[in-house]
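A closer look at the structure
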Amino acid sequence: MSLKAQLEAIIYAAETPITLEQLVQLVRESVTAEGAADEIEVKSRVRTTLEELVSDYGSQDHGIEIRQVAGGYRMSTKPEQHEMVRSFAKSLKPPIRLSLPALETLAVIAYKQPATVPEINEIRGVDSGGVIATLLDRKLITTVGRKQVIGRPILYKTTREFLMRFGLKDVNELPSMEEFEKLVAESFQGEMIAAEEVVQAGESASEEIAESAAQKE
């Protein structure tokens, strides 16, 4: 990969403006391998290539530019494109936040579809009626008729919205059940850790209040 491509990738990925010194540190090894004699030459090559990159993005063929901000470099939309980007941003849907029960139910439907509520309940071991309503409201699942059995329960399947939200071409791109279970476990563990931290913080605050009250007495 060329030095220019490396710098471009780093600046693009950086969440905050990245300085020349940081860029030098990150690409020093590859620049040295390409023949740079010492630190001075490494920095010179990085600075020259960075200037070329800034110039490239300065052309009218690009809607974004590389600017110096707060002592570093970062990519940003060109001023003349602000209205276009603002219109696009308004059209975006907010991120979907699903509870663990909702995620489990969605997974059952995604892998088993079409599936009925009794089938989902049997797999999860709990009633999923309320969660189904939430997933329908979020347009992640839809109805596809009724199963031809006693009671004729409604069948559910995932939607195009589901594929779009999860970045899938089709349901064949779903990860294996083992991979999905691992993701759910990691998510649940993260929630448990966060909950424990809240509880600990609450206990700590309670102890401080008690100590303060005791001192006043």
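A brief look at the structure comes next.

Conventions and cut-offs
- Residues numbered from 1 in each chain as written.
- Predicted model: local features only at pLDDT ≥ 70, side-chain atom pairs only at ≥ 80, totals over all residues.
- Heavy atoms only, no water.
- Helix = DSSP H or I, 4+ residues; strand = E, 2+ residues; numbered from the N terminus.
- Pairing = 2+ DSSP bridges.
- Expected span 1.5 Å × (residues − 1).
- Buried < 20%, exposed > 50% of the residue type's maximum accessible area, 1.4 Å probe, protein only.
- Core = buried A, V, L, I, M, F, W, Y, C linked by side-chain atoms within 4.5 Å.
- Contact = heavy atoms within 4.5 Å.
- Axes fitted to C-alpha atoms, helices over the stretch in contact; angles between N-to-C directions.
- Parallel < 35°, antiparallel > 145°, perpendicular 65-115°, else oblique.
- Nonpolar A, V, L, I, M, F, W, Y, C, P; charged D, E, K, R; others polar.
- Salt bridge = Lys/Arg side-chain N within 4 Å of Asp/Glu carboxyl O.

Bringing unusual backbone geometry into the picture now. Cis geometry marks the peptide bond from Gln113 to Pro114, where omega comes out at -5 degrees. Within the secondary structure, Pro114 is located in the loop between α5 (100-112) and β3 (115-116). One non-glycine residue, Lys139, lies in the positive phi region at around 60 degrees. Inspection of the secondary structure assignment puts Lys139 in the loop between α7 (129-137) and β4 (141-146).

Across 6 bridges, the pairing between strand β1 (residues 64-69) and strand β2 (residues 72-77) is antiparallel. Within β2, the residue paired with Glu65 across the bridge is Ser76. Once β1 ends, the chain turns through 2 residues before running back antiparallel as β2, passing Ala70 with a positive phi of about 50 degrees.

To continue, consider α5. Under the 1.5 Å per step criterion, the end-to-end length of α5 is 18 Å for 13 residues, consistent within 8% with the ideal 18 Å. Those residues of α5 not exposed but buried are Leu100, Ala102, Leu103, Thr105, Leu106, Ala107, Val108, Ile109 and Ala110.

Core analysis: the biggest nonpolar cluster contains 18 residues, and Leu7, Ile11, Leu23, Val31, Val46, Leu50 and Ile66 have the highest contact counts within it. Elements with a contribution of two residues or more to this core: α1 (3-13), α2 (20-33), α3 (39-57) and β2. Excluding residues that lie within four positions of it along the chain, Ile66 makes contacts with Ile11, Leu53, Val54, Tyr57, Tyr73, Arg74 and Met75.

Running from N to C, α5 and α7 cross one another at 80 degrees; their axes reach a closest spacing of 9 Å. One way to sum up the angle between α5 and α7 is to call them roughly perpendicular. Counting all contacts with α5, which are made through Pro101, Ala102, Thr105, Leu106 and Ile109, the residues of α7 involved are Val131, Ile132 and Leu135. For the contact of α5 with α7, the residue count by class is 7 nonpolar, 1 polar and no charged.

Next up on the list: the sheet that holds β3. Taken in spatial order, the 3 strands of this open sheet run β3-β5-β4, and their pairing is antiparallel. The outermost strands of the open sheet, each flanked by one partner alone, are β3 and β4. Note: β3 against strand β5 (residues 154-158), 2 bridges, orientation antiparallel. Each bridged residue has a counterpart across the sheet, and for Thr116 the counterpart in β5 is Leu155. Sheet strands in contact with α7 are β4 and β5, and its direction is about 110 degrees off that of β4.

This next bit is on the pattern of salt bridges. Under the criterion given, the structure shown has 9 salt bridges. A salt bridge links Arg124 to Glu104; its shortest N-O distance comes to 3.1 Å. Of the two residues, Arg124 sits in helix α6 (residues 117-124) while Glu104 sits in helix α5, which places them 20 residues apart along the sequence. A relative accessible area of 29% places Glu104 in the partly exposed class. Among the salt bridges present, the one from Lys147 reaches Glu119, with a minimum N-O distance of 2.4 Å. Here Lys147, found in the loop between β4 and β5, pairs with Glu119, found in helix α6; they are 28 residues apart in sequence, far enough to count as distant. Exposure remark for Lys147: the relative accessible area of 30% places this residue in the partly exposed category.

Limitation: the analysis is restricted to geometry and does not speak to function.
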